[in-house]
Amino acid sequence: YYGLSLFEPALEALIRRFYQRSDAVVAPSQSMADIMRAQRMSDDISIWARGIDRAIFNPGRRDHAWRGTFGLQPNDVAIGFLGRLVMEKGLDVFADVVERLNRGHVPHKVLVIGEGPAKDWFRSKVPDAIFAGFQQGSDLGRAVASMDVLFNPSVTETFGNVTLEAMACRIPVVAARATGSENLVADGKTGRLISPSDMQGYAHALTAYCQDESLRFSHGRAGEAASLPYDWDRINQAVVDTYVRVIGRATHG
């Protein structure tokens, strides 16, 4: 994204040296762990996923009055973007796909949650979008639950917190088949996983959600159920278990 690929081998070697000096590594997702193993980062890699605060992220946070302040009507389908507005989040892909929806006369609105240095560029590419700015805490939960579908085309996620937050709010997700999202989204059940370069595939998936309320509801409900195991106590136990294992190995080794 930033023309620095020339330095990638050296940086990867530097990072490998750091990780190989560690007794164990915990990665945020299985797909990320697989990449780290392929890069020979460590022989001992386990998973430390991310949890969800259900007091903040739940379907009850949906707020029609808040939607109304941005001109969203009850029957409008809001395609949401959530994240820092930087190019590596797939802003170019998002804009391309929205343009395809516009050309196909697919009724929808675009709701952008976040700030970042690429905001002006993004606004120029999706001029009809609603930019709700940076949100946090309960305001963020309200914004996510007030979407109708999340579109996350990023291929640089190590876990995909935004995907899990949307799922917990009963929002279906259209995401790139890439690290993070592919371990969260069940294709055709809780959302859609699309090849990162398949612009028409993204457009078809979003069109289906825009036109079929029952599909949005069923996939949203399935996503909420799939998010339930991501409880912070359970997630953090994986770190405790790793420490216990490493200490035990050092003590008896």
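Rules used in this analysis
- Residues numbered from 1 in each chain as written.
- Predicted model: local features only at pLDDT ≥ 70, side-chain atom pairs only at ≥ 80, totals over all residues.
- Heavy atoms only, no water.
- Helix = DSSP H or I, 4+ residues; strand = E, 2+ residues; numbered from the N terminus.
- Rg over C-alpha atoms; globule rule 2.2 N^0.38 Å.
- Buried < 20%, exposed > 50% of the residue type's maximum accessible area, 1.4 Å probe, protein only.
- Contact = heavy atoms within 4.5 Å.
- Areas by Shrake-Rupley, 256 points an atom, 1.4 Å probe, with all protein chains shown as cover.
- Salt bridge = Lys/Arg side-chain N within 4 Å of Asp/Glu carboxyl O.
- Polar contact = N/O pair within 3.5 Å; in protein donor to acceptor, adjacent residues only side chain to side chain.
- Axes fitted to C-alpha atoms, helices over the stretch in contact; angles between N-to-C directions.
- Parallel < 35°, antiparallel > 145°, perpendicular 65-115°, else oblique.
- Left-handed = near helix turned anticlockwise from the far one by under 90°.
- Nonpolar A, V, L, I, M, F, W, Y, C, P; charged D, E, K, R; others polar.
- 1 Å grid on protein atoms, 1.4 Å probe; cavity = no way out; pocket = protein on both sides within 12 Å on 5 of 7 lines; lining within 4 Å.
- Points joined across faces, edges and corners; volume = space filled by probe spheres on them.
- Phe/Tyr/Trp six-rings, centres within 6.5 Å; stacked < 30°, edge-to-face > 60°.
- Lys NZ or Arg CZ within 6 Å of the ring centre and 35° of its normal.

## A short note on the overall build of the protein
Across its full length, the protein holds 10 helices and 8 strands. By the compact-globule yardstick of 18 Å for 253 residues, the protein fits well, its C-alpha radius of gyration being 19 Å. A principal-axis box enclosing the C-alpha atoms of the protein has dimensions of 65 × 40 × 30 Å. Put simply, the protein has 253 residues, and 46% of those count as buried. Once local pairs closer than 6 in sequence are excluded, the contacts in the protein between residues at least 24 apart make up 65%. A total of about 12,900 Å² of accessible surface is found on the protein, and carbon and sulfur atoms cover 52% of it.

## Some remarks on the pattern of salt bridges
This model, assessed by the stated rule, comprises 14 salt bridges. The partner of Glu 99 in a salt bridge is Arg 103, with the nearest N and O atoms 3.9 Å apart. A residue pair is termed a helical-turn pair when its members lie 3 or 4 positions apart in one helix, as Glu 99 and Arg 103 do in helix H4 (residues 91–103) at 4 residues. Taking the relative accessible area as the measure of exposure, Glu 99 reaches 37% and is therefore partly exposed. With its nearest N and O atoms 2.7 Å apart, the salt bridge here joins Glu 224 to Arg 170. Of this pair, Glu 224 sits in helix H9 (residues 213–227) while Arg 170 sits in the loop between helix H7 (161–168) and strand E7 (173–176), placing them 54 residues apart in sequence. Connected through shared salt-bridge partners, Asp 44, Arg 245 and Arg 249 make up one network.

## Focus: the side chain of Ser 227
For Ser 227, the location among the structural elements is in helix H9. When its relative accessible area of 0% is taken as the criterion, Ser 227 is described as buried. There is a polar contact of 2.7 Å between the side chain of Ser 227 and the backbone oxygen of Glu 224.

## Notes on the packing of H4 against helix H8 (residues 199–211)
The N-to-C vectors of H4 and H8 enclose an angle of 60°; their axes lie 9 Å apart at closest approach. Relative to H8, the element H4 is oriented oblique. Where H4 crosses over H8, the two elements pack in a sense that is right-handed. Judged by residue contacts, Val 93, Asp 96, Val 97, Arg 100 and Leu 101 of H4 engage Met 199, Gln 200, Tyr 202, Ala 203, Leu 206 and Thr 207 from H8. Counted by class, the contact of H4 with H8 contains 7 nonpolar, 2 polar and 2 charged residues.

## Thoughts on the layout of surface pockets
Summary: where empty space remains is shown by rolling a probe the size of a single water molecule over the atoms. Put simply, the largest pocket is a space of about 780 Å³. Lining the largest pocket are 24 residues, and of these Glu 8, Ile 15, Met 32, Gln 39 and Thr 156 lie nearest its centre. At the level of secondary structure, the elements contributing two or more residues to the lining of the largest pocket comprise helix H1 (8–20), strand E1 (25–27) and helix H2 (30–38). Here the lining of the largest pocket takes 5 residues from H1, the largest share from any one element. Of the residues contributing to the lining of the largest pocket, the split by class is 16 nonpolar, 5 polar and 3 charged. Looking at the second largest pocket, its volume works out to about 350 Å³.

## Quick word on the packing of aromatic side chains
Scanning the model with the defined rule gives 9 aromatic pairs in all. Relative to Phe 122, the ring of Phe 81 lies with its centre 5.7 Å away and its plane at 65°, an arrangement referred to as edge-to-face. With a gap of 41 residues between them, Phe 81 in strand E3 (residues 78–82) and Phe 122 in helix H5 (residues 119–125) connect regions that are remote in the sequence. For the pair shown, Phe 81 and Phe 122 are each scored as buried. Seen in terms of ring centroids, Phe 122 and Phe 131 are 6.0 Å apart; in terms of plane orientation they differ by 85°. Their pairing is edge-to-face. Phe 131 carries the same exposure label as Phe 122, and that label is buried. Here a set of aromatic residues connected by ring pairs shows up, and it is made of Phe 81, Phe 94, Phe 122, Phe 131, Phe 151 and Tyr 202. Against the face of Trp 48 rests Arg 50, its NZ or CZ located 5.2 Å from the ring centre. The aromatic ring of Phe 131 is capped on one face by Arg 123, whose charged end is 4.4 Å from the ring centroid.

## Thoughts on the environment of Glu 182
Topologically, Glu 182 is positioned in the loop between E7 and strand E8 (191–194). Its relative accessible area of 36% is what places Glu 182 among the partly exposed residues. For the pair Glu 182 and Ile 35, spaced 147 residues apart in sequence, the C-alpha separation works out to 13 Å.

Function cannot be inferred from these measures alone, as they are strictly geometric.
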